[in-house]
Amino acid sequence: MNKLCIVVPCYNEEQALLYTNAELIKIMNRLVESGKVDKTSFILYVDDGSKDGTWNIIENFRKQSAIIFGLKLARNTGHQNALTAGLLTAMNYADMVISIDADLQDDVTVMEEMVDLYLRGNDIVYGVRNRRDTDTLFKKFSALGFYRLMQLMKIKIVYNHADYRLMSKRALLQFSLYKERNLFLRGIVPLIGYPSATVMYDRKSRVAGKSKYSLGKMFSMAFEGITSFSIQPIRMITDLGLGIVVFSIGAAIYAFYSYITGKVVAGWTSTILSIWFIGGVQLLSVGLIGTYIGKIYVEVKERPRYAIEVNHLTEIRHEQS
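Attention here is on the structure that accompanies the text. (Residues numbered from 1 in each chain as written. Predicted model: local features only at pLDDT ≥ 70, side-chain atom pairs only at ≥ 80, totals over all residues. Heavy atoms only, no water.)

1. A short note on the overall build of the protein
Now for step 1: Helix and strand counts for the protein stand at 11 helices and 8 strands.
Now for step 2: Residue pairs at least 24 apart in sequence account for 83% of intrachain contacts in the protein once pairs closer than 6 positions are excluded.
Now for step 3: Surface exposure of the protein reaches about 17,100 Å², of which carbon and sulfur atoms provide 60%. (Helix = DSSP H or I, 4+ residues; strand = E, 2+ residues; numbered from the N terminus. Contact = heavy atoms within 4.5 Å. Areas by Shrake-Rupley, 256 points an atom, 1.4 Å probe, with all protein chains shown as cover.)

Quick look at the structure:
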């Protein structure tokens with residue numbers, strides 16, 4: 001069987017869901033009619049503690065269509081946790097899962113190509129943006145900077161790939177073994193290592209609503225990715241500290257030489273600036289190391305990443321029993 005589930009994480013998406021649902025049903029019907037996926041394939045919407053009418057709309061979808069299911073989280077846990085909840089839940093009911101954001105800026109038509117690549121033996125198929133014509137100039141440069149920074153930190157991620165991907169049941173079972181609370185799926189999925197492929201597509205404009213990723217959230221996600229997958233920043237602090245020590249030794253030698261030759265020039269500016277500089281480096285270093293310690297603190301508590309309040313998929317098991 002080639003049972004497909006399309007997982008759609010949602011947070012305050014009531015304005016976009018009607019269009020999104022219509023488009024996803026179209027592509028699902030096309031895949032079923034072509035015989036590439038099983039007729040029992042379905043769509044799973046994950047409500048990440050939305051404050052608007054998102055869940056009510058999902059429940060109406062469920063009443064209108066047998067292929068629509070909903071997963072309601074008890075509170076807002078963030079995009080990565082909500083997506084993980086959807087993936088790990090769908091894993092128990094499907095042979096392959098495609099994840100896509102509710103704004104549908106990612107091209108749904110390439111799902112057919114994703115399924116084709118899965119049928120050829122690929123466990124993971126990444127949706128990769130061909131161009132960023134719909135992004136602002138700032139977002140284009142910030143995205144480029146993000147991927148360059150990830151490369152600098154030696155973090156393996158797929159360039160211009162967000163969270164639009166297909167994963168096989170085997171890949172999801174392996175993903176379920178990654179228990180960390182500090183989630184960064186773009187970094188975790190490539191670590192799985194199973195056969196993978198990419199499909200290229202052009203990113204579209206949002207059909208309704210507004211982006212949930214503010215500038216602050218984008219920076220936070222980048223910082224989360226770096227500190228979750230690399231100790232390179234700590235190594236850079238070590239190198240910086242070593243450089244300052246070497247510079248200080250050189251400055252001490254120069255000061256001693258100046259004292260012997262009688263060329264001592266009194267001045268407070270250089271002294272104060274050096275104190276401020278070293279003090280700033282120390283505070284930055286302590287803060288960065290504190291971030292890593294904080295992550296350890298979060299991990300060792302092993303608190304659940306999310307709590308599921310409603311799961312429509314349990315109806316399937318009731319029907320089967």
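2. Looking at the side chain of His161
Now for step 1: Summarising the element assignment, His161 is placed in strand β6 (residues 161–168).
Now for step 2: We classify His161 as buried; its relative accessible area is 2%. (Buried < 20%, exposed > 50% of the residue type's maximum accessible area, 1.4 Å probe, protein only.)

3. Thoughts on helix α1 (residues 17–33)
Now for step 1: For α1, spanning 17 residues, the distance from its first C-alpha to its last is 24 Å, which sits close to the expected 24 Å at 1.5 Å a residue.
Now for step 2: Residues of α1 that are buried include every one of Leu17, Thr20, Asn21, Glu23, Leu24, Ile27, Met28 and Leu31, and no others.
Now for step 3: Contacts made by the buried residues of α1 are with β1 (4–10), β2 (42–47), α2 (54–64), β3 (68–73) and α4 (111–119).
Now for step 4: One or two residues past the end of α1 sits Gly35, with phi positive at roughly 80 degrees. (Expected span 1.5 Å × (residues − 1).)

4. A short note on the nonpolar core
Now for step 1: In terms of nonpolar packing, the biggest core is built from 36 residues, with Ile6, Val8, Leu24, Ile43, Tyr45 and Met111 touching the most fellow members.
Now for step 2: Where this core is concerned, the elements lending two or more residues are β1, α1, β2, α2, β4 (96–99), α4, β6 and β7 (196–202).
Now for step 3: Residues contacting Leu24, with those up to four places away along its chain left out, are Ile6, Val8, Ile43, Tyr45, Leu104, Val108 and Met111.
Now for step 4: Counting residues in hydrophobic clusters, the runner-up holds 33 residues, among them Ile124, Leu172, Phe175 and Leu185. (Core = buried A, V, L, I, M, F, W, Y, C linked by side-chain atoms within 4.5 Å.)

5. Quick notes on unusual backbone geometry
Now for step 1: Even without a glycine there, the phi angle at Leu104 is positive, about 55 degrees.
Now for step 2: Considering the arrangement of structural elements, one finds Leu104 in the loop between β4 and α4.
Now for step 3: With relative accessibility at 2%, the residue Leu104 sits in the buried group.
Now for step 4: A positive phi angle, near 65 degrees, is found at Asn160, a position not held by glycine.
Now for step 5: For Asn160, the location among the structural elements is in the loop between α5 (137–152) and β6.
Now for step 6: By relative accessible area, which is 9% here, Asn160 ends up buried.

6. Notes on the packing of α1 against α4
Now for step 1: Remark: α1 packs on α4, axes separated minimally by 10 Å, with the N-to-C direction vectors making an angle of 40 degrees. Relative to α4, the element α1 is oriented oblique. Two packed elements cross with a definite hand, and for α1 against α4 that hand is right-handed. From α1, Leu24, Ile27, Arg30 and Leu31 reach across to α4, where they touch Met111, Glu112 and Val115. (Axes fitted to C-alpha atoms, helices over the stretch in contact; angles between N-to-C directions. Parallel < 35°, antiparallel > 145°, perpendicular 65-115°, else oblique. Left-handed = near helix turned anticlockwise from the far one by under 90°.)

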